[in-house]
Amino acid sequence: MNFDAAQPIYRQIIDDFKKKMIRGELKHGDRIPSQREYAEMAQVNPNTVQRAYREMEAMHMVETLRGQGTFVSADQEMLASMKEEMAQSILNYFVAEMDALGYQGSDLIKMLQDYMQAKEAEDQ
Amino acid sequence: MIEFRQVSKYFGTVRALDNFQAQLASGRVIGLFGPNGAGKSTTLKMIAGLNRPSRGEVLVDGLNPWMTRDRVAYLPEVDHLYPWMTVGKAAEFISTFYSDWDQSKYQDLLNYLNLNEDMKIGKISKGQRAKVKLLLTLSRRSPYLLLDEPLSGIDLLTREEIINSVIRDYREGEQTVIISTHEIGEVERLVDEVIFIRNGKTVLSGNAEDLREEKNMSLVEIMKEVMRSAR
């Protein structure tokens, strides 16, 4: 996994799991790697992985069963809200960046419409 | 815990540490970062009990470092192994000095690092020699692990092997690892606490993730920033 070294790594680990759950690559009840396995696989400090797992447990994204491992515990409702939350943050980023370039809300809507039309035409 | 209390160290007229103050929490992987000549090696040697402060005090678990040598595994920057020895002989030699030598760990690491006991230390490549040094240091079950520039002058693949070995070996909460390096990019994901040092003084220290969060910068970028402003 490629991390952005300018952002907290534990957050990127959590976001990675969120995306996998939203896309359905990880389903309710699936076992995820142990912290140790994950640390070795991603070549990350085990304390950082522990922090990410703890936070995911606190959010009820996963649960750890003693002696059995860590499993996805997010339900449909939670997945929907995670998805919305992620979409919202992408949107926030997009709008903030465009705003910094001087585009107004109405410009953005127009640009998006044009963009989608062009894309549809291209796909056909 | 390791504590530096207003430690200064002079080598003749050269001041290697200047009122250096630090508390290194146990159970963490700590990066000691700074340019060449900042005082990184001096710091590690003091923890290992290999040199003494000119002023101030260093404490390892509340004790003078020369009393805690058996709790500290130290990987020096220089080549300290006899070139005529084989890997197996060097291991045998070193294992007699330390009661915490772990033969099964040694065997496991020997395989993991693709080394074998018949290799002669004077005949192998620099990268392999770096791996042998690591092997001999990690084969002890020490609560404190000090690595002085373990990656300098080593090729990319060997660096990865070295970093992975440290991650594999790391025992959460029990082991304290201190890595000194001026190549921070290589260890971004490995360290959780950092101390930036320059001219024998701490210029910035803290939790790596918190610093990233606060500054929106990588440790490499933070290093550049603090070294520039410390000038």
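Just above, that's the structure.
Residues numbered from 1 in each chain as written. Chains lettered and ligands numbered in written order. Predicted model: local features only at pLDDT ≥ 70, side-chain atom pairs only at ≥ 80, totals over all residues. Heavy atoms only, no water.

Facing the 25 residues of chain B at the interface are 22 residues of chain A. Each partner contributes to the roughly 1900 Å² buried at the junction of chain B and chain A, and carbon and sulfur atoms together form 42% of this total. Here chain B and chain A share two salt bridges between them. Between Arg51 of chain A and Asp210 of chain B there is a salt bridge whose closest N-O contact spans 3.4 Å. Taken together, the connections running from chain B to chain A amount to 15 residue pairs in polar contact (both at pLDDT 80 or more). Elements with a contribution of two residues or more to the side of chain B that touches chain A: helix H5 (156-169), helix H6 (208-215) and helix H7 (219-230) of chain B. Taken together, the residues of the side of chain B that touches chain A break down into seven nonpolar, five polar and 13 charged. (Contact = heavy atoms within 4.5 Å. Buried area = accessible area lost by both parts, 1.4 Å probe. Salt bridge = Lys/Arg side-chain N within 4 Å of Asp/Glu carboxyl O. Polar contact = N/O pair within 3.5 Å; in protein donor to acceptor, adjacent residues only side chain to side chain. Helix = DSSP H or I, 4+ residues; strand = E, 2+ residues; numbered from the N terminus. Nonpolar A, V, L, I, M, F, W, Y, C, P; charged D, E, K, R; others polar.)

Opposite charge on two side chains permits them to pair, given that their charged atoms come into close proximity. Residues and elements named next belong to chain B. Summed over the entire model, instances satisfying the criterion amount to 26 salt bridges over all chains. The partner of Arg5 in a salt bridge is Glu57, and the shortest N-O contact between them spans 3.4 Å. Here Glu57 lies in strand E4 (residues 55-60) and Arg5 lies in strand E1 (residues 2-11), a separation of 52 residues in the sequence. One connected set of salt bridges, linked through shared partners, spans Glu3, Arg5 and Glu57.

A separate point is the sheet that holds E1 of chain B. Residues and elements named next belong to chain B. Strand order in this open sheet of three strands is E2-E1-E4, and the pairing throughout is antiparallel. Every interior strand has two partners, whereas the edge strands, strand E2 (14-24) and E4, have only one. Across this sheet, the average inter-strand angle for adjacent strands is 25°, counted without regard to direction. When E1 meets E4, the two strands line up antiparallel, connected through five bridges. Directly across from Glu3, in E4, lies its bridge partner Leu59. Sitting on the sheet, helix H1 (residues 40-47) is in contact with E1, E2 and E4, with an inclination near 120° to E1. (Pairing = 2+ DSSP bridges. Axes fitted to C-alpha atoms, helices over the stretch in contact; angles between N-to-C directions.)

Mapped onto the elements, Leu135 of chain B comes out in helix H4 (residues 126-138). As for Leu135 of chain B and Gln107 of chain B, which are separated by 28 residues in sequence, their C-alpha atoms are 9.4 Å apart.

A word on the sheet that holds strand E3 (residues 69-72) of chain A. Residue and element names in this part refer to chain A. If you trace the three strands from one edge of the open sheet to the other, you get E1-E3-E2, paired in antiparallel fashion. The outermost strands of the open sheet, each flanked by one partner alone, are strand E1 (31-32) and strand E2 (62-65). In this sheet, E3 lies alongside E2 in antiparallel orientation, the contact comprising four bridges. Across the sheet, the residue bridging to Thr64 is Thr70, located in E3. Against the sheet, helix H3 (residues 46-58) touches E1, E2 and E3, its axis set at about 105° to E2.

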